[in-house]
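Listed here are the chains, written in short residue letters.
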Amino acid sequence: MRILFLTYHGFSEHSGISKKIHYQVKGLRENGHDVRLCYYGFAANGHRCRYIDDDVIEDYGKGSWAAIRQRMGYDCIYDYCVREHIEFVYARCFQNANPWLISFFKRLKKAGIHAVTEIPTYPYDDEFKNFSFTQRMGLRIDQLFRNKLYKHMDAMVTFSDAEEIFGQRTIRISNGVDFDSTPLHKPLPVNHNSLNLIAVAEVHPWHAFERVVAGIGEYYKNGGARDVVFHIVGGVHPHQMKADYTPVIEKYGLHDRIIFHGTLFSDALTEVFNQCQFAIGSLGRHRSGITVIKTLKNREYATRGIPFIYSEQDSDFDQQPYVLKAPADESPIDIQRIIDFVDHFQMKPEEIRKTVEHLSWKVQMEEVVEAVFNEKEKS
């Protein structure tokens with residue numbers, strides 16, 4: 001099948017989202033599909049361009065008018081789809097519903113080309129609370145047009161349990177994993193007097209890692225004797241550092257126990273992982289109004305083979321023996337509970353990894369294709 005994977009932004013070598021998209025494309029190709037990747041970015045000469053794989057299909061030029069044109073100009077993608085006999089468009093939501101995008105998908109549908117849109121997180125409106133005025137206005141435009149946009153889709157792809165999103169039926173899958181790119185956890189020899197925790201994320205308020213910082217502070221306040229160190233890997237916005245992390249670190253005097261590594265990749269990231277015995281997932285999804293979500297990070301931890309904690313509902317992991325569940329509130333994380341768990345934990349990394357073999361992107365993406373085209377055959 002000829003598939004166009006459509007994104008409305010470009011890629012970064014170090015972005016988790018970029019990596020995920022490339023793994024999804026890889027998963028589709030592993031199932032024998034002919035997949036072309038459409039994205040938007042900047043050429044070497046500074047021009048705003050629409051690409052399919054490495055080929056420019058529209059050069060919008062430079063300046064403000066070019067920025068406006070790329071938000072309105074989808075004819076180049078439609079013409080490509082018709083010319084290349086694309087059968088299925090898999091789009092990734094960018095909270096950018098507008099009249100021009102509605103027209104584009106309406107034309108695709110009329111041409112007999114099937115389409116779905118993936119909603120990475122749902123609901124997402126509350127995530128914009130502390131964003132800039134311009135970003136919040138962009139959300140308002142999206143809110144005005146998204147129901148009209150998605151009625152021209154075959155379905156919405158979601159990692160939640162929602163059966164309908166913006167008036168459209170859903171295809172419910174899990175975030176997937178790429179085993180080839182994720183090394184197995186190889187923990188260093190255990191020092192029973194220490195506990196090293198790791199959290200990996202481009203840190204946002206919904207990660208709520210400061211709950212762990214406060215938990216470590218309370219652990220020592222109550223006489224804890226274990227040497228606990230928390231490694232945070234990923235960027236933290238200066239405002240968030242000042243508002244959420246620095247006050248808690250200073251309150252409990254934890255400057256030598258909270259290590260901000262910044263962004264790490266490949267061997268450098270694996271080296272920090274191997275120092276640690278336990279990982280930290282999202283602990284504040286409730287702040288965004290999200291109860292059920294299947295986050296990529298949980299799957300990455302399980303693929304590495306390290307036990308972890310999170311606070312949302314995730315049916316793939318809620319009953320797994322290598323998982324601890326935290327309450328979905330603002331309370332400090334109980335560090336003694338983690339210590340007791342790690343002290344009695346027996347599963348090997350390869351045993352944890354084996355439990356997520358069905359979550360490969362190859363399997364998850366084919367579920368989408370089958371759901372769309374099986375429904376087509378029924379009708």
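This is a predicted model, so every value here is computed, not measured.

### Some words on the overall build of the chain
Next, step 1: Looking only at helices and strands, one finds twelve helices and 15 strands in the chain.
Next, step 2: Expected size for 379 residues packed as a compact globule is a radius of gyration near 21 Å; at 22 Å, the chain falls within 12% of this value.
Next, step 3: With 379 residues in all, the chain has 51% of them scored as buried.
Next, step 4: As presented, the chain carries roughly 17600 Å² of accessible surface, and 51% of it is formed by carbon and sulfur atoms.

### Observations regarding helix H6 (residues 210-221)
Next, step 1: The terminal C-alpha atoms of H6 lie 16 Å apart, and with twelve residues this matches the ideal 16 Å at 1.5 Å per residue to within 8%.
Next, step 2: Here H6 lies mainly inside the structure; nine of its twelve residues are buried.
Next, step 3: When we look at burial in H6, the residues that qualify are Glu210, Arg211, Val212, Val213, Ala214, Gly215, Ile216, Gly217 and Tyr219.
Next, step 4: Contacts made by the buried residues of H6 are with strand E10 (194-200), strand E11 (227-233), helix H7 (238-252), strand E12 (258-262), strand E13 (278-280) and helix H10 (335-343).
Next, step 5: Phi turns positive, to about 95 degrees, at glycine 223, one or two residues after H6.

### Points about the packing of aromatic side chains
Next, step 1: All told, the structure shown has 23 aromatic pairs when counted by the stated rule.
Next, step 2: With centroids separated by 6.1 Å and ring planes inclined at 75 degrees, the aromatic side chains of tyrosine 124 and phenylalanine 166 adopt a geometry described as edge-to-face. You can see tyrosine 124 sitting in the loop between strand E6 (114-119) and helix H5 (133-150) and its partner phenylalanine 166 sitting in the loop between strand E8 (164-165) and strand E9 (168-172), a full 42 residues away along the chain. Just as tyrosine 124 is buried, phenylalanine 166 falls in that class too.
Next, step 3: Note on tyrosine 301 and phenylalanine 308: the rings are 5.7 Å apart at their centroids and 50 degrees apart in plane angle, and the pair reads as tilted. A single burial state applies to tyrosine 301 and to phenylalanine 308, both of which are buried.
Next, step 4: An aromatic cluster is defined as three or more aromatic residues linked by ring pairs; in this entry it consists of Phe273, Tyr301, Phe308, Tyr310, Phe317 and Tyr322.

### Considering the pattern of salt bridges
Next, step 1: For the structure on display, the rule yields 22 salt bridges.
Next, step 2: A salt bridge links arginine 287 to glutamate 210; its shortest N-O distance comes to 2.7 Å. Residue arginine 287 is found in the loop between E13 and helix H9 (296-304), and its partner glutamate 210 is found in helix H6; the two are separated by 77 residues along the sequence.
Next, step 3: Taking the relative accessible area as the measure of exposure, glutamate 210 reaches 10% and is therefore buried.
Next, step 4: In this structure, lysine 354 and glutamate 357 form a salt bridge, with 3.9 Å as the shortest nitrogen-oxygen distance.

### Description of a positive patch on the surface
Next, step 1: A cluster of basic residues, Lys106, Lys109, Lys110, Lys148 and Lys151, forms a positive patch at the surface.
Next, step 2: If one sorts the elements of the positive patch by residue count, helix H4 (residues 99-110) sits on top with three residues.
Next, step 3: Relative to the helices and strands, lysine 106 resides in helix H4.
Next, step 4: Given the relative accessible area of 51%, lysine 106 is considered exposed.

### Re the nonpolar core
Next, step 1: In terms of nonpolar packing, the biggest core is built from 53 residues, with Leu197, Phe230, Ile280 and Ile335 touching the most fellow members.
Next, step 2: Those residues in contact with leucine 197 that lie beyond four places of it in its chain are Val212, Val228, Val229, Phe230, His231, Cys276, Phe278, Ile280, Ile335 and Ile338.
Next, step 3: Core analysis: the second largest hydrophobic core is formed by 36 residues, Ile77, Leu101, Phe128 and Met153 among them.

### Some details on H7
Next, step 1: Over its 15 residues, H7 runs 20 Å from end to end, which matches the ideal 21 Å to within 8%, given 1.5 Å per residue.
Next, step 2: Considering bend angle alone, the principal kink of H7 is centred on tyrosine 245 and spans about 40 degrees; proline proline 247 follows within four residues of it.
Next, step 3: Of all the positions in H7, only Gln240, Tyr245, Val248, Ile249 and Tyr252 are classed as buried.
Next, step 4: As for H7, its buried residues are in contact with H6, E11 and E12.
Next, step 5: Positioned one or two residues after H7, glycine 253 has a phi angle of 65 degrees, which is positive.

### With respect to the environment of threonine 158
Next, step 1: Position of threonine 158 among the secondary structure elements: in strand E7 (residues 155-158).
Next, step 2: For the pair threonine 158 and isoleucine 171, spaced 13 residues apart in the sequence, the C-alpha separation amounts to 6.3 Å.
Next, step 3: Not counting the four nearest positions on each side in its chain, threonine 158 is found in contact with Ile119, Tyr122, Ile165, Thr170, Ile171, Arg172 and Ile173.
Next, step 4: A distance of 2.7 Å separates a polar atom in the side chain of threonine 158 from a polar atom in the side chain of serine 160.

### Let's talk about the packing of H6 against H10
Next, step 1: Across the interface, H6 lies against H10 with an axial gap of 8 Å and an inter-helix angle of 90 degrees. Comparing their axes, H10 and H6 come out roughly perpendicular. Where H6 abuts H10, its residues Val212, Gly215, Ile216 and Tyr219 lie against Ile335, Gln336 and Ile339.
Next, step 2: Of the residues belonging to the contact of H6 with H10, the class tally is five nonpolar, two polar and no charged.

The rules behind the values
- Residues numbered from 1 in each chain as written.
- Predicted model: local features only at pLDDT ≥ 70, side-chain atom pairs only at ≥ 80, totals over all residues.
- Heavy atoms only, no water.
- Helix = DSSP H or I, 4+ residues; strand = E, 2+ residues; numbered from the N terminus.
- Rg over C-alpha atoms; globule rule 2.2 N^0.38 Å.
- Buried < 20%, exposed > 50% of the residue type's maximum accessible area, 1.4 Å probe, protein only.
- Areas by Shrake-Rupley, 256 points an atom, 1.4 Å probe, with all protein chains shown as cover.
- Expected span 1.5 Å × (residues − 1).
- Contact = heavy atoms within 4.5 Å.
- Phe/Tyr/Trp six-rings, centres within 6.5 Å; stacked < 30°, edge-to-face > 60°.
- Salt bridge = Lys/Arg side-chain N within 4 Å of Asp/Glu carboxyl O.
- Patch = residues over 30% accessible without salt bridge, like charges linked within 9 Å, V, L, I, M, F, W, Y side chains within 5 Å.
- Lys, Arg positive; Asp, Glu negative; His and termini not counted.
- Charge placed at Lys NZ, Arg CZ, Asp CG, Glu CD.
- Core = buried A, V, L, I, M, F, W, Y, C linked by side-chain atoms within 4.5 Å.
- Bend = angle between axes of the 7 residues up to and from the residue.
- Polar contact = N/O pair within 3.5 Å; in protein donor to acceptor, adjacent residues only side chain to side chain.
- Axes fitted to C-alpha atoms, helices over the stretch in contact; angles between N-to-C directions.
- Parallel < 35°, antiparallel > 145°, perpendicular 65-115°, else oblique.
- Nonpolar A, V, L, I, M, F, W, Y, C, P; charged D, E, K, R; others polar.

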